[in-house]
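So you can see what is in the structure, the chains are spelled out below.
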Amino acid sequence: YQTHQSTSSVASLSPQFYENSCPNAQAIVQSYVANAYFNDPRMAASILRLHFHDCFVNGCDASVLLDSSGTMESEKRSNANRDSARGFEVIDEIKSALENECPETVSCADLLALVARDSIVICGGPSWEVYLGRRDAREASLIGSMENIPSPESTLQTILTMFNFQGLDLTDLVALLGSHTIGNSRCIGFRQRLYNHTGNNDPDQTLNQDYASMLQQGCPISGNDQNLFNLDYVTPTKFDNYYYKNLVNFRGLLSSDEILFTQSIETMEMVKYYAENEGAFFEQFAKSMVKMGNISPLTGTDGEIRRICRRVNHDV
Ligand code: HEM
Ligand SMILES: [Ca+2]
Ligand SMILES: [Ca+2]
């Protein structure tokens, strides 16, 4: 299959990248993530998701953070992001603290990678060394954001094809989706499972009936599109393996979640394994996050270090 991950650039990122140029960078990011989390625990999930939505469109280059300007159409306008992606103000705030400490040094793309790791740690998940040295794009791709980010109604095969395109495999897919152990989804992301799923007026057969009735309370057949529900109804702010336990109990929220348990024996076995073994999930999750963070970074003299994450430097 086709992939645009460059293996040579993986080696060019390093955990020590800012060791001399901005030794306090990681501590600054960590303290701002902690503060954002204490003001709003969901924020950890929201800023983790930004790294995913960045890396899947032109690689991890902070393209997702750019606002529309001139002929550039922001990725924030795609279905995946519109009325959904959030946390941009938190990223702005951290970036401005980094600019005060070490001007034009730490990229917005690296900031997203650090924020993703710190968010998971603060919710009780695994830690790992973040590879650094990515530079920021001078362009965004609204089309890439529409085409490369899976939808909650996609089939397992479609989602796997999208992951393979990024150089990620089925193991990465099952582990990374464990991110849905924290955070929220809007009603419109899963309504289709609750009503007339296959045209016979019944809910999705792979959705537990009690759980379906509970969801129907806040997600009626029409209206309330933006109502929020926990992706993991048991431990919504804790990074743990309840996501997989829920799937085994037919209580995955999104269709794209539950199909890991129902559309392939191979993924079903992985789900059962992670449901029983949180340590194994954490270990694979950390590896897969490093791999996702390595998708097509800009390095060397490519791109730039943006001063403000929403704009390319010549627009500032
Ligand atoms: C199979 C691919 C995936 C699909 C179809 C998918 C779909 C979704 C949807 C529909 C939402 C709810 C958005 C809303 O209603 O506003 C969501 C939320 C979320 N996703 Fe995914 N996702 C996928 C993979 C991932 C991956 C790989 C990560 C992280 C590495 C991730 C992290 C999150 C997080 C943390 C949230 C909660 C965000 C918040 O509360 O603000 N997702 N996802
Ligand atoms: Ca990107
Ligand atoms: Ca959880």
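Everything numeric in this text was worked out from a predicted model, so none of it was measured.

Draft legend 1. Main features of the site of ligand 1. Not every one of the 24 residues close to ligand 1 is listed here, only the nearest: Ser46, Ser84, Ser179, Gly183 and Arg186. Elements that contribute at least two residues to the shell around ligand 1 include exactly helix 3 (42–55) and strand 1 (184–186). Here the residues of the shell around ligand 1 are counted per class, giving 10 nonpolar, 10 polar and 4 charged. Each of domain 1 (7–149 + 293–315) and domain 2 (156–288) accounts for three or more of the residues forming the shell around ligand 1.

Draft legend 2. Quick look at helix 2 (residues 25–39). The first and last C-alpha atoms of helix 2 sit 22 Å apart over 15 residues, in line with the 21 Å expected at 1.5 Å per residue. Residues of helix 2 that are buried: Ala25, Val29, Tyr32, Val33, Ala36 and Tyr37. All buried residues of helix 2 lie within an arc of 140° about the axis, which places them on one face of the element. Within helix 2, the exposed residues directed more than 90 degrees away from the buried face are Ala27 and Phe38. Those residues of helix 2 that are buried lie in contact with helix 3, helix 4 (88–101) and helix 5 (108–122).

Draft legend 3. Spotlight on the environment of Met292. Looking at the secondary structure, you find Met292 in helix 14 (residues 278–293). Each C-alpha atom of the pair Met292 and Ser179 lies 13 Å from the other, and the pair is 113 residues apart in sequence. Among residues more than four places away in sequence, those in contact with Met292 are Phe52, Cys55, Leu168 and Leu176.

Draft legend 4. Representation of the domain arrangement of the chain within the structure. One can read the domain layout of the chain as domain 1 (7–149 + 293–315) and domain 2 (156–288). Relative to domain 2, the C-alpha centre of domain 1 lies at a distance of 25 Å. Each side of the interface is counted separately: domain 1 has 18 residues, and domain 2 has 16 residues. The element best represented in the side of domain 1 that touches domain 2 is helix 3, accounting for 6 residues. Considering only residue class, the side of domain 1 that touches domain 2 consists of 10 nonpolar, 5 polar and 3 charged.

Draft legend 5. Geometry of helix 4. Here helix 4 contains 14 residues, and its C-alpha end-to-end distance of 20 Å stays within 8% of the 20 Å for a straight helix at 1.5 Å per residue. Val90, Ile91, Ile94, Lys95 and Leu98 are the residues of helix 4 that are buried. One side of helix 4 carries all its buried residues, which in axial view fall inside an arc of 130°. Set apart from the buried face of helix 4 by more than 90 degrees, the exposed residues are Glu89 and Asn100. Elements in contact with the buried residues of helix 4: helix 2, helix 3 and helix 5.

Criteria and cut-off values
Residues numbered from 1 in each chain as written. Chains lettered and ligands numbered in written order. Predicted model: local features only at pLDDT ≥ 70, side-chain atom pairs only at ≥ 80, totals over all residues. Near = placed C-beta within 6 Å. Helix = DSSP H or I, 4+ residues; strand = E, 2+ residues; numbered from the N terminus. Nonpolar A, V, L, I, M, F, W, Y, C, P; charged D, E, K, R; others polar. Domains from an automatic or database assignment. Expected span 1.5 Å × (residues − 1). Buried ≥ 20, exposed ≤ 12 C-beta atoms within 10 Å, placed from the backbone. Arc of directions from axis to C-beta. Contact = placed C-beta atoms within 7 Å.

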